[in-house]
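# Examination of the molecular architecture
Residue strings, one per chain:
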Amino acid sequence: MAKEYKKIYSRPYAIMPVMSGYCPGCLHSLATKIIAEAVEELGQQENAMHILPVGCSALGLLYWRGDMVGAAHGRAPAVATGIKRCCPDRLVFAYQGDGDLAAIGLAEIISAANRGENFTVIFANNSTYGMTGGQMAPTTLIGQKSTTTSEGRRVEDAGYPIKMAEIIAQLEAPAYVARFALNTPKGVNEARKGIKKAFRMQLEGKGFTFIELLTNCPTNWGMSPLKSLQYMTENTMKYFVPGVYKDVEVGA
Amino acid sequence: MKIEINSNLCKGCEFCIAFCPKKVLKMQSERGPKGYFIPYLTDNDGCTSCGICATMCPDGAIEVFKEVETDG
Ligand SMILES: Cc1ncc(C[n+]2csc(CCOP(=O)(O)OP(=O)(O)O)c2C)c(N)n1
Ligand code: SF4
Ligand code: SF4
Ligand code: SF4
Ligand SMILES: [Mg+2]
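In short, a report on the structure. (Residues numbered from 1 in each chain as written. Chains lettered and ligands numbered in written order. Predicted model: local features only at pLDDT ≥ 70, side-chain atom pairs only at ≥ 80, totals over all residues. Heavy atoms only, no water.)

## Remarks on the sheet that holds strand β4 (residues 62-70) of chain B
Just so we agree on the cut-off: Pairing between strands is defined by DSSP: at least two bridges between the two strands are required. The numbering of helices and of strands both runs from the N terminus, where a helix is a DSSP run of H or I of at least 4 residues and a strand a run of E of at least 2. Angular values range over 0 to 180 degrees, each being the angle between N-to-C directions of two axes fitted as lines to C-alpha atoms, with helices fitted over their stretch in contact.
Strand order in this open sheet of three strands is β1(A)-β4(B)-β1(B), and the pairing throughout is antiparallel. The sheet terminates laterally at β1 (2-9) of chain A together with β1 (3-5) of chain B, the two strands that pair on one side only. Averaged over all adjacent pairs, the angle separating strand axes in this sheet is 30°, with direction ignored. The pairing of β1(A) with β4(B) spans seven bridges and is classified as antiparallel.

## Digging into the site of ligand 1
All names here are of chain A. Under the convention used in this document: Consider each residue's heavy atoms; a residue with any of them within 4 Å of a molecule or strand counts as near. In the analysis that follows, any N or O atom pair within 3.5 Å is treated as a polar contact, provided that within protein one partner can donate a hydrogen and the other can accept it, and provided that, for residues neighboring in sequence, both atoms belong to side chains. Using the Shrake-Rupley algorithm and a 1.4 Å probe, accessible areas are obtained, with residue cover drawn only from the displayed protein chains. Residue type decides the class: Asp, Glu, Lys and Arg count as charged, Ala, Val, Leu, Ile, Met, Phe, Trp, Tyr, Cys and Pro as nonpolar, and the leftover types, Gly among them, as polar.
In the vicinity of ligand 1 there are 17 residues, among which His28, Asp98, Gly99, Asp100 and Gly130 approach most closely. Gly130 places a main-chain nitrogen or oxygen 2.8 Å from an oxygen atom of ligand 1. Considered on its own, ligand 1 offers 590 Å² of accessible surface; in the complex 71% of this is hidden by protein. Tallied by class, residues from the shell around ligand 1 come to five nonpolar, ten polar and two charged.

## Some remarks on the coordination of the magnesium ion (ligand 5)
Residue and element names in this part refer to chain A. What counts, and what does not: Each metal's donors are the N, O and S atoms found within 2.8 Å of it, except that Na, K and Ca use a 3.2 Å limit; water is left out, so coordination can look incomplete. Only protein chains enter the accessibility calculation, which uses a 1.4 Å probe; a residue whose area is less than 20% of its type maximum is buried, one above 50% is exposed, and one in between is partly exposed.
Protein-derived coordination of the magnesium ion (ligand 5) comes from Asp98 (OD), Asn126 (OD1) and Thr128 (O), at a distance range of 2.0 to 2.2 Å. All donor residues of the magnesium ion (ligand 5) come from one chain, and their arrangement in sequence is D-x27-N-x1-T. In this pair, Asp98 is assigned in helix α3 (residues 98-104) and Asn126 in the loop between β5 (120-125) and α5 (155-158), connecting sequence segments 28 residues apart. Exposure class is identical for Asp98 and Asn126. Each is buried.

## Overview of the packing of helix α1 (residues 27-41) of chain A against helix α7 (residues 185-203) of chain A
All names here are of chain A. The cut-off we apply is this: For this classification, under 35 degrees means roughly parallel, over 145 means roughly antiparallel, 65 to 115 means roughly perpendicular, and everything else is oblique. Crossing handedness is defined as follows: a turn of the near helix away from the far one that is anticlockwise and smaller than a right angle gives a left-handed crossing, while the clockwise case is right-handed. Whether two residues are in contact is decided by their heavy atoms, any of which lying within 4.5 Å being enough.
One can describe the packing of α1 onto α7 by two numbers: an axis separation of 9 Å at closest approach and a directional angle of 50°. Relative to α7, α1 is oriented oblique. The crossing of α1 and α7 is right-handed. For the pair formed by α1 and α7, the contact residues are Leu30, Ile34, Ile35, Glu37, Ala38, Val39 and Glu41 on the first element and Val188, Ala191, Arg192, Ile195, Lys196 and Phe199 on the second. Broken down by class, the residue content of the contact of α1 with α7 amounts to nine nonpolar, no polar and four charged.

## Regarding the site of ligand 4
Residues and elements named next belong to chain B. Defined as follows: Grid points spaced at 1 Å and placed over the protein atoms alone form the basis of the search, with a cavity being a set where a 1.4 Å probe fits but cannot get out and a pocket an open set showing protein on both sides within 12 Å along at least five of seven lines. Lining residues have an atom within 4 Å of a point. Think of it this way: a molecule belongs to a cavity or pocket when more than half its atoms come within 2 Å of the grid points there.
In the region of ligand 4, the neighbouring residues are Ile5, Cys10, Lys11, Gly12, Cys13, Glu14, Phe15, Cys16, Pro39, Cys57, Pro58 and Ile62. When each cavity is represented as a set of grid points, ligand 4 is found to reside in the largest cavity. Of the residues contributing to the shell around ligand 4, the split by class is nine nonpolar, one polar and two charged.

## Considerations on the pattern of salt bridges
The condition is simple: Salt bridge, as used here: a side-chain nitrogen of Lys or Arg that lies within 4 Å of a carboxyl oxygen of Asp or Glu.
Evaluation of the coordinates by the stated rule reveals 20 salt bridges over all chains. Across the pair A:Lys7 and B:Glu63 runs a salt bridge, and its minimum N-O distance is 3.1 Å. Taken as a pair, A:Lys7 in strand β1 and B:Glu63 in strand β4 lie in two separate chains rather than in one. Exposure remark for A:Lys7: the relative accessible area of 44% places this residue in the partly exposed category. Residue A:Arg179 is joined to A:Glu166 by a salt bridge in which the shortest nitrogen-to-oxygen separation is 2.6 Å. One end of the pair, A:Arg179, is in strand β6 (residues 176-181); the other, A:Glu166, is in helix α6 (residues 164-170), with 13 residues separating them in the sequence. The same class applies to A:Arg179 as to A:Glu166, namely buried.

## Observations regarding the packing of aromatic side chains
Residue and element names in this part refer to chain A. Keep this limit in mind: In this analysis, rings of Phe, Tyr and Trp, with Trp reduced to its six-membered ring, are considered paired at centre separations within 6.5 Å, and the interplanar angle assigns stacked below 30 degrees, edge-to-face beyond 60, and tilted for intermediate values. Only Lys NZ and Arg CZ are tested; either one counts as a charge over a ring when it is within 6 Å of the ring centre and within 35 degrees of the ring normal.
Counted according to the given criterion, the structure contains eight aromatic pairs over all chains. Consider the rings of Phe119 and Phe208, whose centres lie 5.7 Å apart with planes at 75°: the pair is edge-to-face. With Phe119 in the loop between α4 (106-115) and β5 and Phe208 in the loop between α7 and β7 (209-214), this residue pair connects regions lying 89 residues apart in the sequence. Three or more aromatic residues joined by ring pairs form one cluster here, namely Phe119, Phe123, Phe208 and Phe210. The ring of Tyr239 carries Lys163 above its face, with NZ or CZ at 4.3 Å from the centroid.

What follows is the structure, given as structure tokens:
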């Protein structure tokens, strides 16, 4: 009996076979890969419309294969609203960082979610302004050091890290709101499933879907990639607890 | 081999090495074409083609193969 090798996995079609612009071990890169896998599994390569933010989170533009539109800082949900209303059959998703979504773009995300716009927002929360060199973000943890909180974030000065998934889930309109962490194989597989579900619900016209992905920034956190994954388990995930926060398909 | 790592895509983050349940991945001692250290499979028979390394690879640098029997 002869033996041969059959390929059972290779990178998804929607990311081109070139090196990404992200730092080694950056989970933006892993997030982009699983979004591409979800798009591919749903056969939506030609139909997907990717709205880019400002930040490292926009570096997907260097290797994403498909239609993209770049929005001004924080305005991706407004751009997505316009595109989805004009092209309701397209699979529209915005990929936004925490500075982009939870600071400068807070009004846009809350308003789009509150209107129940029929698109998906994927929110990459790495607790920092990665691209500009690691300043404090609204999601920086208490005690976490950044270039603007050199002794660690203090509640007295900066308040508490903002829990976007919980806030969006409190609104009446959103259809699906969940948070996943990308620092373990289990978390990655659950996140891919969650993204796929959000995309399917959008294609079925079920309304606004929101996926928060806990990610890292080894470069600005000043850690090796592996250490940053451990930091997430020990710190990030204790405050930003993964889970499904709203799902209109459950008990419906 | 049951896995292939594209040395033009890999950035040497070590996630695949850390998460491989069979511990059959190791870093090469020489740098690859882009200046990063690239892992290699130390034991092809020990690899179960589980794909966990590929799941965790941020850069989609890993392809996974399964050994199948063919007639002839
Ligand atoms: C209107 C405007 N204000 C400020 C900036 C500078 N700026 C670029 S990226 C960024 C922060 C991005 O942080 P985040 O959204 O968390 O993305 P990350 O880089 O962490 O992925 C800022 C403030 C800008 N480009 N435009
Ligand atoms: S600076 Fe941080 S967020 Fe930006 S690519 Fe590097 S690791 Fe990723
Ligand atoms: S396929 Fe599984 S056993 Fe083989 S190298 Fe990858 S993680 Fe290890
Ligand atoms: S996980 Fe991917 S990028 Fe990281 S060392 Fe392994 S093959 Fe290279
Ligand atoms: Mg950020």
